[in-house]
Amino acid sequence: MSKPSIPKGTRDFLPQQMVKRNYLFDTLKSIFKKYAFLPIETPAVENLSTLMGKYGEEGDRLIFKILNSGDYLSGVTNLAEQNSSTLTKEISEKALRYDLTVPFARFVVQNQNELHFPFKRFQIQPVWRADRPQKGRYREFFQCDVDVVGSDSLLYEVELVQIFNEALTQLKVPGFQIKINNRKILSGIAEVVGAADKIVDITVAIDKLDKIGLEKVNEEMLQKGVSQEAVGKLQPIIQMSGSTAEKFATLRSVLSSSAIGIKGVEELEFIFASSAQLNVDQNLKLDITLARGLNYYTGAIFEVSAENFKGSICGGGRYDDLTGIFGLKGVSGVGISFGADRIYDVLEENNLFPENLLQTTDVLFVNFGDAEALYSMKVMQQLRSRGISCELYPSSGKMQKQMTYANNKAVRFVAMIGTNEMNENKVTLKNMTTGEQQMLDVAQLMDKL
RNA sequence: GUGUCUUUAGUUUAUUUGGUAAAACAUCUCUCUGUGAAUGAGAAGAACAGGGUUCGAUUCCCGAAGACACCCCA
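Because the structure is a prediction, the values reported are computed rather than measured.

(A) Molecular detail of the pairing of strand E10 (residues 314–319). Burial analysis of E10 places six of its six residues in the buried class, which makes it a mostly covered element. Burial along E10 is two-sided: the residues Cys314, Gly316 and Arg318 and Gly315, Gly317 and Tyr319 are all buried. Here strand E9 (residues 300–305) runs beside E10; their pairing, made up of four bridges, is antiparallel. Bridging across to E10, isoleucine 301 finds its partner in glycine 317.

(B) Highlighting the packing of helix H7 (residues 183–193) against helix H13 (residues 259–277). The interhelical angle for the contact between H7 and H13, taken along N-to-C directions, is 150°, at an axis separation of 7 Å. The orientation of H7 relative to H13 falls into the category roughly antiparallel. Crossing angle aside, the handedness with which H7 passes H13 is left-handed. For the pair H7 and H13, contact is made by Lys184, Ile185, Ser187, Gly188 and Glu191 and by Ala259, Ile260, Gly261, Lys263, Gly264, Val265, Glu267 and Leu268, respectively. Its residues placed into classes, the contact of H7 with H13 shows five nonpolar, four polar and four charged.

(C) Up close: the nonpolar core. In terms of nonpolar packing, the biggest core is built from 73 residues, with Phe32, Leu168, Val173, Leu251, Ile313, Phe338 and Ile343 touching the most fellow members. Aside from chain neighbours lying at most four places away, what touches phenylalanine 32 is Phe37, Phe122, Ile124, Cys144, Asp145, Val146, Ile163 and Phe338.

(D) Structural view of the sheet that holds strand E1 (residues 38–39). With mixed pairing, eight strands are arranged side by side in an open sheet as E1-E5-E6-E11-E10-E9-E7-E8. A single partner strand is all that each edge strand has here, and the edge strands are E1 and strand E8 (284–286). With respect to the sheet, helix H15 (residues 340–349) is in contact with strand E6 (140–149), E10 and strand E11 (333–339), its orientation differing from that of E11 by roughly 40°.

(E) A look at the packing of aromatic side chains. Summed over all chains, the structure comprises 16 aromatic pairs. Taking the centre distance of 6.5 Å and the plane angle of 20° together, the rings of phenylalanine 107 and phenylalanine 119 count as stacked. Note that phenylalanine 107 is positioned in helix H5 (residues 101–110) and phenylalanine 119 in strand E5 (residues 119–128), a separation of twelve residues in sequence. Classification of phenylalanine 119 by relative accessible area gives buried; the value is 7%. Seen from their ring centres, phenylalanine 164 and phenylalanine 302 are 5.8 Å apart, and the 70° between their planes marks the pair as edge-to-face. Of the two residues, phenylalanine 164 is situated in helix H6 (residues 155–170) and phenylalanine 302 in strand E9; the sequence distance between them amounts to 138 residues. In this structure, phenylalanine 164 and phenylalanine 302 share a single accessibility class: buried. An aromatic cluster is present here, built from Phe32, Phe122, Phe164, Phe302 and Phe338 joined pairwise through their rings.

(F) Representation of the pattern of salt bridges within the structure. Scanning the entire structure with this criterion turns up 17 salt bridges. A salt bridge links glutamate 159 to lysine 120; the nearest nitrogen and oxygen atoms lie 2.8 Å apart. Residue glutamate 159 is found in helix H6, and its partner lysine 120 is found in strand E5; the two are separated by 39 residues along the sequence. Note on glutamate 159: relative accessible area 16%, which makes it buried.

(G) The arrangement of the side chain of asparagine 68 in detail. Relative to the helices and strands, asparagine 68 is located in the loop between strand E3 (65–66) and helix H4 (84–91). The class of asparagine 68 is buried, set by a relative accessible area of 16%.

(H) Looking closely at a nonpolar patch on the surface. Judged by side-chain polarity, Leu67, Tyr72, Leu73 and Leu79 come together as a nonpolar surface patch covering roughly 340 Å² of accessible area. Here leucine 79 falls in the partly exposed class, since its relative accessible area comes to 43%.

(I) Structural detail: the packing of helix H12 (residues 244–254) against H13. Running from N to C, H12 and H13 point in directions that differ by 165°, and their axes come no closer than 10 Å. As judged from the angle between their axes, H12 and H13 are roughly antiparallel. In the crossing of H12 with H13, the sense of the turn from one axis to the other is left-handed. Mapping the contact onto sequence places Thr244, Phe248, Leu251 and Arg252 in H12 and Ile262, Val265, Glu266, Leu268, Glu269 and Phe272 in H13. When the residues that make up the contact of H12 with H13 are grouped by side-chain class, the tally is six nonpolar, one polar and three charged.

(J) Just the side chain of asparagine 182, in detail. With respect to the helices and strands, asparagine 182 occurs in strand E7 (residues 177–182). For asparagine 182, the contacting residues outside a window of four places in its chain are Gly264, Glu267, Leu268, Thr298, Gly299, Ala300 and Ile301.

(K) Highlighting the confidence of the model for chain A. Confidence in the prediction for chain A averages 88 pLDDT; 98% of positions are at 70 or higher. As a predicted assembly, this complex carries a pTM of 0.89 together with an ipTM value of 0.83.

(L) Molecular detail of the environment of threonine 428. Within the element layout of this structure, threonine 428 appears in strand E15 (residues 427–431). Of the residues examined, threonine 428 reaches a relative accessible area of 7% and is grouped as buried. Residues threonine 428 and serine 30, 398 residues apart in the sequence, show an inter-C-alpha distance of 40 Å. Those residues in contact with threonine 428 that sit more than four places away from it in its chain are Val414, Ala415, Met416, Glu421, Gln437, Gln438 and Met439.

(M) Inspection of unusual backbone geometry at higher detail. A cis amide bond links phenylalanine 117 to the next residue, proline 118, at an omega of -5°. Here proline 118 is to be found in the loop between H5 and E5. With phi around 65°, lysine 172 is a residue other than glycine that occupies positive phi space. As for its position among the elements, lysine 172 is in the loop between H6 and E7. Of note in this structure, asparagine 351 is not a glycine but carries a positive phi near 60°.

Rules used in this analysis
Residues numbered from 1 in each chain as written. Chains lettered and ligands numbered in written order. Predicted model: local features only at pLDDT ≥ 70, side-chain atom pairs only at ≥ 80, totals over all residues. Heavy atoms only, no water. Buried < 20%, exposed > 50% of the residue type's maximum accessible area, 1.4 Å probe, protein only. Helix = DSSP H or I, 4+ residues; strand = E, 2+ residues; numbered from the N terminus. Pairing = 2+ DSSP bridges. Axes fitted to C-alpha atoms, helices over the stretch in contact; angles between N-to-C directions. Parallel < 35°, antiparallel > 145°, perpendicular 65-115°, else oblique. Left-handed = near helix turned anticlockwise from the far one by under 90°. Contact = heavy atoms within 4.5 Å. Nonpolar A, V, L, I, M, F, W, Y, C, P; charged D, E, K, R; others polar. Core = buried A, V, L, I, M, F, W, Y, C linked by side-chain atoms within 4.5 Å. Phe/Tyr/Trp six-rings, centres within 6.5 Å; stacked < 30°, edge-to-face > 60°. Salt bridge = Lys/Arg side-chain N within 4 Å of Asp/Glu carboxyl O. Patch = residues over 30% accessible without salt bridge, like charges linked within 9 Å, V, L, I, M, F, W, Y side chains within 5 Å. Areas by Shrake-Rupley, 256 points an atom, 1.4 Å probe, with all protein chains shown as cover. pLDDT = per-residue confidence, 0-100.

Here it is, written out as structure tokens:
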């Protein structure tokens, strides 16, 4: 017999983990609701065409494709001349969702007549990526998304900053930093420098500044084909330092000739100023190296990091054209995503989950025999109607076995109903923590629990 | 897609110049059929169901799988 297993990058969740996960989801949900977002769900499986081309080349590769059912090779023409990428389209027309944002855009277009705009939704569901798993990276993981579509108001960016702040504070995520940038600034930089096609290479290189130093960064850019002149122009930005206000000043002067760049700076300035007014700017940080691979972002982009954790725990941004791809033009959206599994890992590593999460059975009824069992079930019916969680041991086996079961399950009380109790219409209740026990009638029992 | 490491009971780890595998915790039973978390006794359970080298492989080689790192990302 081969051992059963699950694919790498996927996990089973035991009860102890589930209560923690639910705590995390419930916390986020309650906050999302406070900001008036409504829940939706979409299917795990989308049409492959819905997903392809939205995440960049790298993203396309990481989409889990589903093989067509039946004799999927029968319709393929010229099998011998096909390569993997042309063949994929012929033998797979469905795929597992890669994130929640693109399916949401599809959802909005498809259901546009049912929705009232601006439409605020939250969605907590798993997504799948055919990535190589490693620490903090899974092939199946949950995203908790909040998005607004149908408004280009920057107030929503500010609201999302508030949500980040409230959620991460409430969850006690240690040393979280909300990094923010704007795609328009990146476009502006590319415009000024005259290297529009190199913007990704430039940001990737600049992002390594802390790691490899200025010289190596410049070296890398030259290597990627950025001109010497352009690298020269970038120096003030790369070496930008000081307060956020000073950074904005630097950006304004460098980008003065780029209308779109200035627009990006103004947007960020608004977000920073408003956040300061609302007192949620303590962890907000301008980071112009933030690029984000998802190529549908057009305005503000967000990413959140936590102390001692590699990679981001949340991400998001403004996308102006996403629904346009599906045929609904002029609808702007902005949203963020909480990486539940990574946040879980951070909380777990730092021991930040509340202690009292493990809800267990309140009372276990010892089974002394058929008649006693039925009597116990009647009592339990009354307890349950009061919201008390109780269970009966299934067989009248040894007392020890039943007590051990209660003990292992961390049951708080054990109730015993034998012939004596039945005759007197009472229940013997034992407190499993203190060991005390007493005879009570049902009304007293309920008060006690 | 690239690289490094790992692979033995449910879990965590031993073992050997290549000669028939040891333990702890967990599980179950008994000690003890109306009182658990104690003690003691006992049971069941393992080498990647792959390939190769060898008289013989858990040990060496290949393959596979997993973990981690790079890339990218939640």
